[in-house]
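# Tertiary structure, described
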Amino acid sequence: MAEKKEILKLSGINKCFGNVVVAKDISLTVISNQLHALIGPNGAGKTTLIKMISGELKPDQGVVMLLDRKVNHLSEIARVHRGCIRSFQVSSIIGSMTVFENILLAVKQKRSILKMLFRKFQSNSSESSFVYQTLNQLSLETLGTKVASTLSHGDKRKLELAMALAMGPKILLLDEPFAGLDQAESSKLIELLKSIKKIMPIFLIEHDMQAVFALADKISVLNEGEIIESGSVEKIRRSKLVQNAYLGGDL
Amino acid sequence: MLTEKKFNLIIVLGIFAFSLIGYVINEPYFITLATKIVILGIAGCALNLILGFGGMVSFGHAMFFGVGSYVAAISAFHSMNGESINLIFFDFNGSNQMLFNWFLAVIFSMFFALVVGSISIRTSGVYFIMITLAFAQMTYYFSVGWTKYGGEDGLSTYVRNDLFSINTMLPLNFFIICFACLCVVGFILNWVINSNFGNFLKGCKENEEKMISLGLNPYTLKLTAFVISGAITGLAGALYVDLNRFVSPTSLSWQTSGELIVLVILGGSARLFGPLLGAIVFILLEQFLGEVTENWQFWLGVILVLIVLYFPKGVSGLFIKD
């Protein structure tokens, strides 16, 4: 069996906005090939935590480790270059470009400014096949020439995921990817994430409990900035603490 | 409806034909009008790189136009009167060579764009508009008080600079020089817009947060575009000095910045040569409407309002298919 490696490790993360505590001594670990889900009621501090992992916000205290290296001092952009790739709560794509071009942006993002200036925005054969491979992976292959703003909500979510995958992430941070999806789209996304988590770790924030229970290897429950429970799906299902704080009844 | 390539070709050939007609019917004024269109078109297209493709509404682009103008004019002025400028390490005697003065104008405009851009691009929206305006007004008031170079009255250079052995005083010759500059600038801007850089810049305009999540630094992208835009606008300024053989603080004023924005809006910000069409419409309205009524700016205002309301893609949007 392959060795389980710690990809992301948070230790003692604290964050306040004025008098409001949004993260209280949060520690968690995401290991390779694992989907770690973070659940919690609205306002629990889930998105703030993902922002601290991605580098958009700095924690007041605590350590963020990415691939065994402390990254607190690194900017959001530097963390992306280290493979920490995130998706947003609201689909974040370039609406005026085609689906193919959106993914091509993600493929070409590692160039320097000079190389960007002197190269045309077009794909060579290996980039083209990589983009189509990514499109196939997400069942978007027929939509390559479509302008991204005209896609359905579900396809926009998939496109955003495709852009993240095209960047070759070491870890994926997904912020409510199931938001606004219908039952059929959710089922497809669950199957897709099941296949993705085999090749890379995923840190998932989600309200859709059906999706979380179907996907998660580990769940942490955040309430008022504090992790009140962490463990397997079964442990979380049975936890009275979680039921009282968040789920409001039996699962 | 035309493809953008055909549209660009028709616009460029149309301006050239207009100038040739002026030559054939011996009406140099037509050639001067065409030259003015070309120069303002270059400045408009440069502004459009950051406004239309980068989403940065600079209300201070007259600064780069004026800096280019003043640098070229001062160099020509010193070459003419034989008085050198002491630049600490060496004495500069000025130059009457167009290429050299263009080079100086571009370098100085780039430097100004780098300094102003590195501060302004930290802001966005209305703050960006105001900060670029403030910088431009600073240079405007500096030029008004710079009596050594004419202050409020401006500075005359009397003759055009030289370019190889071409007689630049002939209107058609000077038009062809400006037209060649337009072609080169068009090629450069077309390249930039269609490069990886240009597409990331468009991405920044639409979704800056996404560009960061792709590992790109929007600040660097926008600053690079700002500097390229400033440099080309400076070149247009240097050409404008040679056209008029005169420069005044007006070239640095907020009205000039406003006119450049008008060119972009009139012509259409989504297209490479939209502002060139904007320059054609603007200059023709100024000339021909100006003959009919003194209040031609009022009618220009009416036209602008109608375009913003009903043709957000500008006049070029009426001819180019998406």
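Because the structure is a prediction, the values reported are computed rather than measured. (Residues numbered from 1 in each chain as written. Chains lettered and ligands numbered in written order. Predicted model: local features only at pLDDT ≥ 70, side-chain atom pairs only at ≥ 80, totals over all residues.)

What follows concerns the overall build of chain A. Counting secondary structure elements, chain A contains 10 helices and 10 strands. Taking 2.2 N^0.38 as the reference for a compact globule, 251 residues should give roughly 18 Å; the C-alpha atoms of chain A span a radius of gyration of 19 Å, in line with that estimate. In terms of overall dimensions, chain A has C-alpha extents of about 55 × 45 × 40 Å along its principal axes. Looking at chain A as a whole, 43% of its 251 residues qualify as buried. For chain A, the share of sequence-separated contacts (at least 6 apart) that also reach a separation of at least 24 residues comes to 66%. (Helix = DSSP H or I, 4+ residues; strand = E, 2+ residues; numbered from the N terminus. Rg over C-alpha atoms; globule rule 2.2 N^0.38 Å. Buried ≥ 20, exposed ≤ 12 C-beta atoms within 10 Å, placed from the backbone. Contact = placed C-beta atoms within 7 Å.)

Below, the discussion takes up the overall build of chain B. Across its full length, chain B carries 12 helices and four strands. A compact globule built from 322 residues would reach a C-alpha radius of gyration of about 20 Å, and chain B, at 19 Å, matches this within 12%. In terms of overall dimensions, chain B has C-alpha extents of about 55 × 50 × 35 Å along its principal axes. The buried share among the 322 residues of chain B stands at 51%. At a minimum sequence separation of 6, the contacts of chain B that also span at least 24 residues come to 75%.

Contact residues are listed per partner, giving 21 residues for chain B and 22 residues for chain A. Those elements giving two or more residues to the side of chain B that touches chain A turn out to be α6 (171–194), α7 (196–206), α8 (208–213) and α9 (218–244) of chain B. Of the residues assigned to the side of chain B that touches chain A, the class counts are six nonpolar, 12 polar and three charged. (Nonpolar A, V, L, I, M, F, W, Y, C, P; charged D, E, K, R; others polar.)

An order of β2-β1-β4-β5 (chain A) is seen for the four strands of this open sheet, with the pairing classed as antiparallel. One side of each edge strand has no neighbouring strand; the edge strands of this open sheet are β2 (20–31) and β5 (69–70) of chain A. (Pairing = 2+ DSSP bridges.)

Residue and element names in this part refer to chain B. Two elements in contact, helix α3 (residues 62–81) and helix α5 (residues 125–145), have axes separated by 9 Å at closest approach and are oriented at 30°. Contacts from A62, M63, G66, V67 and Y70 in α3 reach F135, A136, T139 and S143 in α5. For the contact of α3 with α5, a count of residues per class yields six nonpolar, three polar and no charged. (Axes fitted to C-alpha atoms, helices over the stretch in contact; angles between N-to-C directions.)

Residue and element names in this part refer to chain A. Phi at D25 is positive, roughly 50°, even though this residue is not glycine. Assignment of secondary structure puts D25 in strand β2. Residues other than glycine seldom take positive phi values, yet L67 does so here, at roughly 50°. On the secondary structure map, L67 appears in the loop between β4 (61–66) and β5. Under the C-beta neighbour-count criterion, L67 is labelled partly exposed, with 15 such atoms within 10 Å.

All names here are of chain A. Splitting chain A by domain gives domain 1 (1–83 + 169–251) and domain 2 (93–168). The straight-line distance from the C-alpha centre of domain 1 to that of domain 2 is 26 Å. At the interface, seven residues of domain 1 touch eight residues of domain 2. Looking at the side of domain 1 that touches domain 2 residue by residue, the class counts come to five nonpolar, one polar and one charged. (Domains from an automatic or database assignment.)

Quick look at the environment of V63(A) now. Residue and element names in this part refer to chain A. Looking at the element boundaries, V63 is found in strand β4. Between the C-alpha atoms of V63 and E6, which are 57 residues apart in sequence, the distance is 14 Å. The contacts of V63, once residues within four sequence positions are left out, are S11, G12, K70 and N72.

This paragraph deals with the sheet that holds strand β8 (residues 202–205) of chain A. All names here are of chain A. The strand order across the open sheet formed by six strands is β6-β7-β8-β3-β9-β10, and the pairing between neighbours is mixed. Looking at which strands have only one partner, the edges of the open sheet turn out to be β6 (84–86) and β10 (226–231). Each neighbouring strand pair of the sheet contributes to a mean axis angle of 20°, computed without reference to strand direction.

So, on to the nonpolar core. As a rule of thumb, nonpolar side chains are buried together in soluble globular proteins. Within the largest apolar cluster, 171 residues are counted, with the highest numbers of intra-cluster contacts made by I103(A), A162(A), I42(B), L235(B) and A236(B). In terms of residue count, the dominant contributor to this core is helix α2 (residues 28–51) of chain B (16 residues). Each of domain 1 (1–83 + 169–251) and domain 2 (93–168) of chain A accounts for three or more of the residues forming this core. Once you skip the residues sitting within four places of it in the chain, L235(B) turns out to touch I42(B), G68(B), W102(B), A105(B), V106(B) and C181(B). (Core = buried A, V, L, I, M, F, W, Y, C linked by C-beta atoms within 7 Å.)

With that out of the way, let us pick up the packing of α3(B) against α9(B). All names here are of chain B. The contact between α3 and α9 brings their axes to 6 Å, and the two run at 50°. Judged on the interaxial angle alone, α9 and α3 are oblique. Considering the relative orientation of α3 and α9, their crossing is right-handed. Packed against α3, whose contacting residues are F64, F65, G66, V67, G68, S69, A72 and A73, the element α9 presents G230, T233, G234, L235, A236, G237, A238, Y240 and V241 at the interface. Counted by class, the contact of α3 with α9 contains 10 nonpolar, seven polar and no charged residues. (Parallel < 35°, antiparallel > 145°, perpendicular 65-115°, else oblique. Left-handed = near helix turned anticlockwise from the far one by under 90°.)

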